[in-house]
Amino acid sequence: MKTIAIDGPAAAGKGTLSRRIAEDYGFHHLDTGLTYRATAKALIDRGLPLDDEAVAAGVARNLDLGGLDRTVLSAHDIGEAASKIAVMPSVRRALVEAQRGFAAREPGTVLDGRDIGTVVCPDAAVKLYVTASPEVRATRRLDEIVAGGGVADFETILDDIRRRDERDMGRADSPLRPADDAHLLDTSEMSIEAAFSAAKSIIDAALKH
Ligand code: C5P
C-alpha cells in the first residue's frame, strides 16, 4: 500500500491536482477537508453549536466517509465553519483516525488536506506541499465563481483566503506547514497541466524507490 500526501492552503489547486493524480495511479482519493466540512454541516443542520468541543467530537466520531458530497459541502459558509471546528483537538483526533483507516486501502491512496504529511500519514511514500500566492488563489476562486454564474468581489475573496490561512497556520494543534521531507510545488505561475506534470515527475521518482 502506498500513500501520496498532498497538503497546502485553501484554493491552491490541490483538490483538482489530487483527483487527477489518484486517477492516473489508480489510487483511492480522500479530500480530508470534506471530513471537517461534513462535521461542521452536520452540526449546523442539527442546530448544534459550533463552539462545543465535546458535541463536535461526538459528531466527528460518527462520520461516514462514504457519504461525503463535494457539491453540497463546497459552500463558503461551511468552509468557514469547518476551519472553526478544525482547531479542536478531539475533533481532529476522531477525523484523523478515520483518515488513517482510509489511507490503508489497497493498492494505494491520495489524501489531501493540511496535515497529511505532518500528522495523518508521516510515513507517506511521497509528500507534496502545493501552494500559490494569495492573489493567484483569490483570482482562481473568483474565476470559478464567475464560471458557475455567480457574482463575487476580488477583495472580499482575498480577505477570506488570508483569514483562513491565518487560522490554519496559526492553530496550536496540527498547524498547516510543509513536512520537512515534503516537495514544494508553487503553482502561482503554472497551469493545471503544468502543475500535474511537475507533480507526476516528483511522484514517479519517489515511488521508484
Ligand atoms: O480544504 P478545505 O477548504 O475543504 O478545508 C476546510 C477547512 O478544514 C480548512 O480551512 C481547515 O481548517 C480544515 N482542514 C484541516 N485539516 C485538513 C483538511 C482541512 O484542518 N487535513
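Residues numbered from 1 in each chain as written. Predicted model: local features only at pLDDT ≥ 70, side-chain atom pairs only at ≥ 80, totals over all residues. Heavy atoms only, no water.

Novice: Give me the site of the ligand: which residues, what numbers.
Specialist: Of all residues adjacent to the ligand, which total 14 residues, the nearest are Arg37, Arg92, Arg114, Asp115 and Asp168. Separating an oxygen atom of the ligand from a side-chain N or O atom of Arg37 is a distance of 2.6 Å. Contact between the ligand and Arg114: an oxygen atom at 2.9 Å from a side-chain N or O atom of the residue. Listing elements by their share of the shell around the ligand, those giving two or more residues are helix H2 (33-45), helix H5 (76-85) and helix H9 (154-170). (Near = heavy atom within 4 Å. Polar contact = N/O pair within 3.5 Å; in protein donor to acceptor, adjacent residues only side chain to side chain. Helix = DSSP H or I, 4+ residues; strand = E, 2+ residues; numbered from the N terminus.)

Novice: I'd like to hear about the pairing of strand S3 (residues 108-113), residue by residue, with values.
Specialist: Along S3, 6 of the 6 residues are buried, which leaves the element largely enclosed by surrounding structure. Here S3 shows no split at all, with Gly108, Val110 and Asp112 on one side and Thr109, Leu111 and Gly113 on the other all buried. As judged from the 6 bridges shared by strand S1 (residues 2-7) and S3, these two strands associate in the parallel manner. Its bridge partner being in S3, Thr3 is matched across the sheet by Thr109. Pairing between strand S2 (residues 28-31) and S3: 4 bridges, direction parallel. Bridging from a neighbouring strand, His28 pairs with Thr109 of S3. (Buried < 20%, exposed > 50% of the residue type's maximum accessible area, 1.4 Å probe, protein only. Pairing = 2+ DSSP bridges.)

Novice: Report on the UniProt feature "binding site: ATP" (unreviewed entry) in the chain, specifying residues and quantitative values.
Specialist: In the UniProt entry, the feature "binding site: ATP" (unreviewed entry) is given for Gly8, Pro9, Ala10, Ala11, Ala12, Gly13, Lys14, Gly15 and Thr16. Along the polypeptide, Gly13 turns up in the loop between S1 and helix H1 (14-25). Looking at the secondary structure, you find Gly15 in helix H1. (UniProt positions renumbered as here; feature names shortened; annotations may be inferred.)

Novice: Account for the domain arrangement of the chain, naming residues and giving values.
Specialist: As assigned here, the chain comprises domain 1 (1-27 + 111-200) and domain 2 (31-106). Placing a centre on the C-alpha atoms of domain 1 and another on those of domain 2 gives a separation of 18 Å. Facing the 19 residues of domain 1 at the interface are 23 residues of domain 2. Summing the contributions of domain 1 and of domain 2, the shared interface buries around 1,700 Å²; its carbon and sulfur component is 45%. For the pair domain 1 and domain 2, the interface holds 4 salt bridges. The residue Arg164 makes a salt bridge to Glu80 at a minimum N-O spacing of 3.9 Å. Where domain 1 packs against domain 2, one counts 7 residue pairs in polar contact (both at pLDDT 80 or more). Breaking the side of domain 1 that touches domain 2 down by element, the ones donating at least two residues are S3, helix H7 (116-120) and H9. The biggest single contributor to the side of domain 1 that touches domain 2 is H9, with 5 residues. (Domains from an automatic or database assignment. Contact = heavy atoms within 4.5 Å. Buried area = accessible area lost by both parts, 1.4 Å probe. Salt bridge = Lys/Arg side-chain N within 4 Å of Asp/Glu carboxyl O.)

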